[in-house]
Amino acid sequence: MSLEWMLAVAILLPLIAGILVYLIRHYQTRGLIVIVTAVVLIVNSIYFLRWGPDTFTPGSPMWGTIITILDYAMLLFYIYVGLSLKNWLVLLFALTQVIPLAWWEFGAGASTALEKISPAFVIDQLSIVMVMVISIIGSLICVYAIRYMYDHEEHKKLEKSRQPRFFFWLVMFLGAMNGLVLADNLMWLYFFWEVTTLCCFQLIAHDLTKEAINNGARALWMNSIGGTAMVAAMMYLYFTNGNSVDYLTLSNIIEAGRNGSLGATLMLPVALMCFTGMIKAAQMPFQNWLLGAMVAPTPVSALLHSSTMVKAGVYLVIRLAPAFDPVLGVMVAICGAFTFFAASVLAISQTTGKRVLAYSTIANLGLIVACAGINTELSISAAILLIIFHAISKGLLFLCAGTIEHQIWSREIEDMEGLAEKAPLTTFITITGMLSMFLPPFGMLLGKWMALEAVYVVPLAAILFVLASAATMVFWAKWLGRLLQVTPRLGRKIESLSLSYTVPLWSLFAGIFAFGIGVAPLYDKFVRAAVGNVVTVQHAFAEGWNILIPGAATTLSAEKGIEMLGSYPVWPLFIVFAVAIVLPLLLVSLKPQELRPVYLCGEQAGDVDTDEWYGAADQKTKLELGGYYFKGAASEEALNTWVYLIAIALFVIMFGIVVGVSL
Amino acid sequence: MNPVWIVIIAIVVAPFIGGLLAGIDRKVTARLQGRYGPPLLQPFYDFFKLLGKSKIATSRTQYVWIISYLVFMVTCLVFLVLQLDLLLLVFLLGFAGVSFALAGFSTKSPYSHFGANRELLQILSYEPILLLAALGVYAQVGSFNISEIFKQQTPLLTSLWPIFIALLVVLTIKMRKSPFDIATSHHGHQELVKGIMTEISGPYYALVTLTEWYELVLVLGIISLFWANPLWVGILIAFAAFILELFVDNINARMTGGWMVRFCWAIAIVFCVLNILYLYFINMKGVL
Amino acid sequence: MGIIQVSQVKSPWIMHFCNSSCNGCDIEVLACLTPLYDVERFGLVNMGNPKHADVLVVTGPVNYRTARVLKNLYDQIPDPKMVIAVGACAATGGVFHNCYNILGGVDKVLPVDVYVPGCAARPEAIIDGVVLALQKLSKAVGVAK
Ligand code: SF4
């Protein structure tokens, strides 16, 4: 297969499939199209892996024109949305994009030059990693959505199915994301960026409730701020370099950053684009759009949180890392670390499952952004590993949240009490997913560990990391506790789930273990080259199946002449995991006569499987236990003011420094 | 010595040390209260008695988390004796704590939940201190590997004494001593019953006791790293810290969970942070 | 005679349950824990929870309301276990005998191993009772004849 075809499949096939499912309004056919697209995308991403680094520019200039036209079409649509919803923020930030853009292209006469920027696409290891994450995990989520949306509409008792529209945006999202991570031309990058914003808006607002539309609009205007910053960055690059389009490609910006040929003028556009990325990655104070996004059907959340949208944000920040000025890097690291900390603490007080997941995503994205800001080989490795593992684990967890929601028709953690008895299979997968977020052998913890070993250069970020890690354990443990809390029923059944649910669930489940165990080879063969696209790789972090970090990896340890900075025995830790959790589950089984009622001061009314007790006047009373949510200390009401103040202050300081240096 | 032998010896010997320390604990406490006290080997009698009790449980998953608590704690100890990564050890220790909390959560018992929630508060209090201690060690030594600590000529205590003080707080929490015996306690307290331990009985209780012995040895071991060359000084320091805890226990009343978190974050963590920042600037001066 | 059996005799953890006593006996039970008597010498610990107890120490006569609770608590004690009835009331109903709400002594509900007489039973007597129970236990588990 030629590169041209591979790119066409990666970007245009989802669009075509989207149009097909929109036109053919038939459940089975729709499922078939989605599955075929998923399979083709996955195979195609493997072709990308085998193809390796390359560049590509389409021969005909027609594509440039099409993209320009679509750009304006989208922006006009945003204006229309702003006017029809009377949402002035949407309108304002659409105008701040469209007016400068139009003036630049037509007023300042840049349009012909802009259409000739090349290369349009640069394929390197980092973008291949992203393409794989998007194509594989994104596709699995789309497959999951087939049945999910069917059940969703059954439950809502819709008269006219809105699924074709839903799948149009969902499948197209993948194409836009693929385009985004492959594009090198900034105009094209900007275009794909806007398409993801648009898809995101349409999907969040899908249910058309007042809340859904409001939250969709919020996602739209917040990301439009990012779009505005990107337009500003592009125009700045154009005008400061003597009206030339030379620096309107990512590769040239990075090149200029590496050899310092642009000096301080590069700092402002890089900071602006980084800001764009951080908005998309829902960094504080812009976390609200992602929190609002959870009103959408769960596959949307799964897609937004794991493989698309927010990952585009962190991708851009990592991509730009070589062009970071050290001061900018430190500021980005502190902003990211603050998000990691604040989101982890806020997650403790959340009572809705999906909201906990959302805060956890924001926290992890903060961690990734901070790693990009630290910008050493070790931290970038951590960032890319975190992207991969976070996509798998979070994708799985959202799919689990969806499955749970369709079994108990609730998203509240309190309602999930005793799920281990009602739906053992789902609970088992969910618990594994949660453990994979913070338990030592799994990849997420490996990433966090690497990040902590690298973070000392920014001590403030290091301290925030530490506090956040502790909070992370607490909020996961609380939720896990809810799922596990049961009165044992004698004779429980394993629930049956549709294939469209189980195939993605088990695939991601297997992925957690496969990638977790094979993290060292994965790093060596795959991630290391991606890291090489950002910083120069000098050290081998993997040895056999284990991760060993040599002393030369950080400046401090290199100075002190340390041989070994840290070690992470992957393989032995998985054995520990097996001995600690898997073996007891398999080997030890309780006999029914060994089960006893809990201690209720001798007042329990009945045997093991009742949770009633004799209360006042010998009335049978049901035992009810609630979770503990630290509402006083960690709630949004108590903390949000401070969080917003500090987060905004950090960005103001960041831009203050950047503007100060570049002027 | 072959690492396999080191591991085996550590796993076998640690419970004996832990049990003896627990015996000393009970004896000293009794003497402080003007009593004669149980025999020194009493913890071992308790342990074996518990093993011989009939097995009863209140949920199907609790034992998994108890076993995982034990296994992860032993893993931590193995990390310590093989002188592996300190940071990873702290993460493992954190998960061991979470695992124990999950054991408390996985049954529908009010007292057990009390204790489990408080156990989480404890994790929130001590986990950052331990992580910061690991970072502090890195700031001083330049490596997270424990083996590098032993190559240092100057003891860590000279530059990391604020972190050492914070670690004593962790020791109090880990030993479940007043004022931090909030998740469960060694004495029968009416309002708590036995906290997180309420539904853990018989052989499972024995496993938890065993884990606590490992934990005690482990935390004392981490403390003794602060004077790693020669190690016997470190061990003496750790023992002194242990005895100090017994006095602290007997002259304090139990405090609330909220107070514990505030105390740890406002005082102990600030100690660690100042220590790390100070070392950072010292290191920076070396660079400039 | 294994180490477990030896330990069973050396580490009796008690749970104290008060039926409808006049609280006289309860105070004496607690007095055993004070430095003067210090029953911890025998490894005895007062537990608030049947799941951890080996010896159930009951004071006061059983009434219709406490019978169920007493039975429940006894069932929650894992084997092997002992029951000591402390005080005249716990043995027979004592001064409350034949009251409208009283069932009688503890043995109406549970198998009692040792009776400690007295109104109130003296701490020394209670300690004697515990030692007797331990002897009985050691015979039961086969440590002594
Ligand atoms: S035996 Fe005497 S002291 Fe004891 S409970 Fe009965 S009346 Fe009270």
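For every chain, the first residue of the written sequence is number 1, and numbering continues from 1 along that sequence. Chain labels run from A onward and ligand labels from 1 onward, assigned in the order the entries are written. Local features in this predicted model are restricted to residues whose pLDDT is 70 or higher, and side-chain atom pairs enter the listing and the counts only when it is 80 or higher, whereas totals over whole chains, interfaces and linings include all residues. Processing note: side-chain calculations cover all non-hydrogen atoms of the structure and skip hydrogens and water entirely.

**With respect to the overall build of chain C**
Step number 1: A run of H or I in DSSP counts as a helix once it spans at least four residues, and a run of E counts as a strand once it spans at least two, with each numbered from the N terminus. Scanning chain C for helices and strands turns up five helices and seven strands.
Step number 2: Along chain C, from the amino end to the carboxyl end, the secondary structure elements read α-β-α-β-β-β-α-β-α-β-β-α.
Step number 3: Both definitions apply: the radius of gyration is a C-alpha atom measure, and the globule rule equals 2.2 Å times residues to the power 0.38. Taken against the 2.2 N^0.38 rule, which gives 15 Å for 145 residues, the C-alpha radius of gyration of chain C at 15 Å falls within 12% of a compact globule.
Step number 4: Taking the principal axes of its C-alpha atoms as reference, chain C extends roughly 50 × 35 × 25 Å.
Step number 5: Relative accessibility decides the category of a residue: with a 1.4 Å probe and only protein chains considered, values under 20% of the type maximum give buried, values over 50% give exposed, and everything between is partly exposed. Across the 145 residues that make up chain C, the buried fraction comes to 54%.
Step number 6: In this analysis, two residues are considered to be in contact whenever any of their non-hydrogen atoms come within 4.5 Å of each other. For chain C, the proportion of contacts with a sequence separation of at least 24, taken over those separated by at least 6, is 81%.
Step number 7: For chain C, the exposed area adds up to about 6,100 Å²; of that, 61% sits on carbon and sulfur atoms.
Step number 8: Each charge class in chain C can be summarised by its mean position, and for the 12 positive and 11 negative side chains these summaries are 6 Å apart. Throughout, the Shrake-Rupley method with a 1.4 Å probe supplies accessible areas, and for residues the shown protein chains are the sole cover considered. We treat Lys and Arg as the positive residues and Asp and Glu as the negative residues; His and chain ends play no part in the count. Where a charge sits is defined by one atom per residue type, namely NZ (Lys), CZ (Arg), CG (Asp) or CD (Glu).

**With respect to the side chain of Glu105 of chain A**
Step number 1: Along the polypeptide, Glu105 of chain A turns up in helix α4 (residues 88–107).
Step number 2: Dropping the residues within four chain positions of it, Glu105 of chain A is found in contact with Thr68, Tyr72, Ala110, Ser111, Leu114 and Met187 of chain A.

**As for the interface of chain A and chain B**
Step number 1: With 74 residues of chain A at the contact, the number on the chain B side is 67 residues.
Step number 2: Here's the idea: put two parts together, see how much 1.4 Å probe accessible area each one loses, and the total over both is what we call buried area. Looking only at chain A, the three residues that lose the most surface to chain B are Tyr456, Met473 and Leu484 of chain A, adding up to 10% of its buried area.
Step number 3: One speaks of a salt bridge when a side-chain nitrogen belonging to Lys or Arg is within 4 Å of a carboxyl oxygen belonging to Asp or Glu. For the interface between chain A and chain B, the tally reads two salt bridges.
Step number 4: Of the charged contacts, one joins Lys108 of chain B and Asp611 of chain A as a salt bridge, the two residues approaching to 2.8 Å between their closest N and O atoms.
Step number 5: By the criterion applied in these results, polar contacts are pairs of N or O atoms within 3.5 Å in which, for protein atoms, one can donate a hydrogen and the other can accept it, and in which residues neighboring in sequence qualify only through two side-chain atoms. Across the contact surface, chain A and chain B share 15 residue pairs in polar contact (both at pLDDT 80 or more).
Step number 6: When residues of the side of chain A that touches chain B are traced back to their parent elements, those giving at least two are α19 (424–438), α20 (443–454), α21 (459–484), α24 (555–559), β5 (564–568) and α25 (570–587) of chain A.
Step number 7: With 15 residues, the single largest contributor to the side of chain A that touches chain B is α21 of chain A.
Step number 8: Each residue belonging to the side of chain A that touches chain B can be placed in one class, and the counts come to 51 nonpolar, nine polar and 14 charged. Each residue gets one label: Ala, Val, Leu, Ile, Met, Phe, Trp, Tyr, Cys and Pro are nonpolar, Asp, Glu, Lys and Arg are charged, and the others, such as Gly, are polar.

**A word on the sheet that holds β5 of chain A**
All names here are of chain A.
Step number 1: Any two strands are treated as partners once DSSP identifies two or more bridges connecting them. The strand order across the open sheet built from three strands is β3-β4-β5, with neighbouring strands paired in antiparallel fashion. The open sheet has two edge strands with one neighbour each: β3 (542–543) and β5.
Step number 2: Sheet topology places β3 next to strand β4 (residues 546–550); two bridges connect them, and they run antiparallel. Bridge pairing in β4 links Ala542 to Ile547.
Step number 3: For every element, the axis is a line fit to its C-alpha atoms; helices are fit only across the contacting stretch, and the angle between N-to-C directions ranges from 0 to 180 degrees. Lying on the sheet, α20 is in contact with β4 and β5; it crosses β5 at an angle near 170°.

**Some details on the interface of chain C and chain A**
Step number 1: The interface is formed by eleven residues belonging to chain C together with eleven residues belonging to chain A.
Step number 2: Interface of chain C and chain A: buried area, both sides summed, is about 890 Å²; carbon and sulfur atoms make up 38% of it.
Step number 3: Our count for the chain C to chain A interface comes out at four salt bridges.
Step number 4: Between Arg68 of chain C and Glu603 of chain A there is a salt bridge, and its shortest N-O distance comes to 2.9 Å.
Step number 5: The tally of links from chain C across to chain A stands at eight residue pairs in polar contact (both at pLDDT 80 or more).
Step number 6: In terms of residue class, the side of chain C that touches chain A is built from three nonpolar, four polar and four charged.

**Section: the packing of helix α17 (residues 377–408) of chain A against helix α23 (residues 519–532) of chain A**
All names here are of chain A.
Step number 1: Their axes nearest at 10 Å, the elements α17 and α23 cross at an angle of 115°. Here α17 lies roughly perpendicular to α23, going by the angle between them. As α17 packs across α23, the resulting crossing turns out to be right-handed. Mapping the contact onto sequence places Glu377, Ile380, Ser381, Ile384, Leu385, Ile388 and Phe389 in α17 and Val519, Leu522, Tyr523, Val527, Ala530 and Val531 in α23.
Step number 2: Taken together, the residues that form the contact of α17 with α23 break down as eleven nonpolar, one polar and one charged. Here is the rule for angles: anything less than 35 degrees is roughly parallel, anything more than 145 is roughly antiparallel, 65 through 115 is roughly perpendicular, and the remaining ranges are oblique. If you view the pair so one helix is near and one far, a crossing is left-handed when the near helix is turned anticlockwise from the far one by less than a right angle, and right-handed when it is turned clockwise.

**Observations regarding the site of the ligand**
Residue and element names in this part refer to chain C.
Step number 1: One heavy atom within 4 Å of a molecule or strand is enough for the residue carrying it to be called near that molecule or strand. The ligand sits among Ser21, Cys22, Gly24, Cys25, Gly87, Ala88, Cys89, Val95, Gly118, Cys119 and Ala120.
Step number 2: If you list the elements that add at least two residues to the shell around the ligand, you get α2 (24–31) and α4 (88–92).
Step number 3: In terms of residue class, the shell around the ligand is made up of seven nonpolar, four polar and no charged.

**Some remarks on the environment of Ile79 of chain A**
All names here are of chain A.
Step number 1: Here Ile79 is to be found in helix α3 (residues 62–85).
Step number 2: Taking C-alpha positions, Ile79 is 5.1 Å from Leu91, a pair spaced twelve residues apart along the chain.
Step number 3: Dropping the residues within four chain positions of it, Ile79 is found in contact with Leu91, Ala94, Leu95 and Val98.

**Description of the pattern of salt bridges**
Residue and element names in this part refer to chain A.
Step number 1: In total, this model carries 30 salt bridges over all chains according to the counting rule given.
Step number 2: A salt bridge links Asp151 to Arg147; the shortest N-O distance between them is 3.3 Å. Placement of the pair is Asp151 and Arg147 together in helix α6 (residues 125–156), with a separation of four residues, close to one helical turn.
Step number 3: Judged by its relative accessible area of 16%, Asp151 is buried.

**Some details on empty space enclosed by the protein**
Step number 1: Whether a set of points on the 1 Å grid over the protein atoms alone is a cavity depends on a 1.4 Å probe fitting there but being unable to get out, while an open set qualifies as a pocket with protein on both sides within 12 Å along at least five of seven lines; lining residues are those with an atom within 4 Å of a point. Grid points are joined across faces, edges and corners, and a volume is the space filled by probe spheres set on the points. Tallied over the entire structure, the rule returns eleven cavities of 30 Å³ or more.
Step number 2: Put simply, the largest cavity is a space of about 110 Å³.
Step number 3: In terms of lining, the largest cavity is formed by 18 residues, of which the most central are Lys478, Arg482, Gly627, Tyr628 and Tyr629 of chain A.
Step number 4: For the lining of the largest cavity, the secondary-structure elements that each account for two or more residues are α15 (326–348) and α21 of chain A together with α5 (110–141) of chain B.
Step number 5: Of all the elements, α21 of chain A adds the most residues to the lining of the largest cavity, at five residues.
Step number 6: Residues of the lining of the largest cavity, tallied by class, amount to nine nonpolar, seven polar and two charged.
Step number 7: Counted as a void, the second largest cavity has a volume near 90 Å³.
Step number 8: Taken together, 15 residues line the second largest cavity, and the ones lying closest to its centre are Thr487, Pro597, Val598, Val608 and Thr610 of chain A.
Step number 9: A per-class count over the lining of the second largest cavity returns seven nonpolar, five polar and three charged.

**Here's the deal with the packing of aromatic side chains**
Residue and element names in this part refer to chain A.
Step number 1: Only the six-membered ring of Trp is used, alongside the rings of Phe and Tyr, when aromatic pairs are assigned; centres must lie within 6.5 Å, and planes under 30 degrees apart are stacked while those over 60 apart are edge-to-face, with the rest tilted. With the rule as written, the count across this model stands at 51 aromatic pairs over all chains.
Step number 2: For the ring pair Trp104 and Tyr238, a centre distance of 5.4 Å and an interplane angle of 70° mean the geometry is edge-to-face. Of the two residues, Trp104 is situated in helix α4 and Tyr238 in helix α9 (residues 210–240); the sequence distance between them amounts to 134 residues. Here the two residues Trp104 and Tyr238 agree in accessibility, since each one is buried.
Step number 3: Pairing Tyr628 with Phe630 gives two aromatic rings, centres 4.7 Å apart and planes at 25°, and the pair type is stacked.
Step number 4: Residue classification places Tyr628 among the partly exposed residues on the basis of a relative accessible area of 37%.
Step number 5: You can call Phe630 buried: its relative accessible area is 14%.

**A look at the environment of Glu40 of chain C**
Step number 1: Following the sequence through the fold, Glu40 of chain C ends up in the loop between α2 and β2 (45–47).
Step number 2: C-alpha of Glu40 of chain C to C-alpha of Trp13 of chain C: the two residues are 27 residues apart in sequence and 9.6 Å apart in space.
Step number 3: Only 2.9 Å separates the side chain of Glu40 of chain C from the side chain of Arg26 of chain B, close enough to count as a polar contact.

**Digging into unusual backbone geometry**
Step number 1: The step from Asn229 of chain B to Pro230 of chain B runs through a cis peptide bond, and the omega angle for that step is -5°.
Step number 2: Here Pro230 of chain B shows up in the loop between α8 (202–224) and α9 (231–251).
Step number 3: Look at the link from Asp79 of chain C to Pro80 of chain C: it is a cis peptide, with omega at -5°.
Step number 4: With respect to the helices, strands and loops of the structure, Pro80 of chain C is situated in the loop between α3 (64–76) and β5 (82–86).
Step number 5: With a phi close to 55°, Ala617 of chain A is a non-glycine residue in the positive phi region.
Step number 6: Considering the arrangement of structural elements, one finds Ala617 of chain A in the loop between β6 (612–614) and β7 (620–622).
Step number 7: Given a relative accessible area of 72%, Ala617 of chain A falls into the exposed group.
Step number 8: The phi dihedral of Asn23 of chain C falls on the positive side, at around 80°, and the residue is not glycine.
Step number 9: You can call Asn23 of chain C partly exposed: its relative accessible area is 41%.

Remember that the coordinates give geometry; whether it matters functionally is a separate question.
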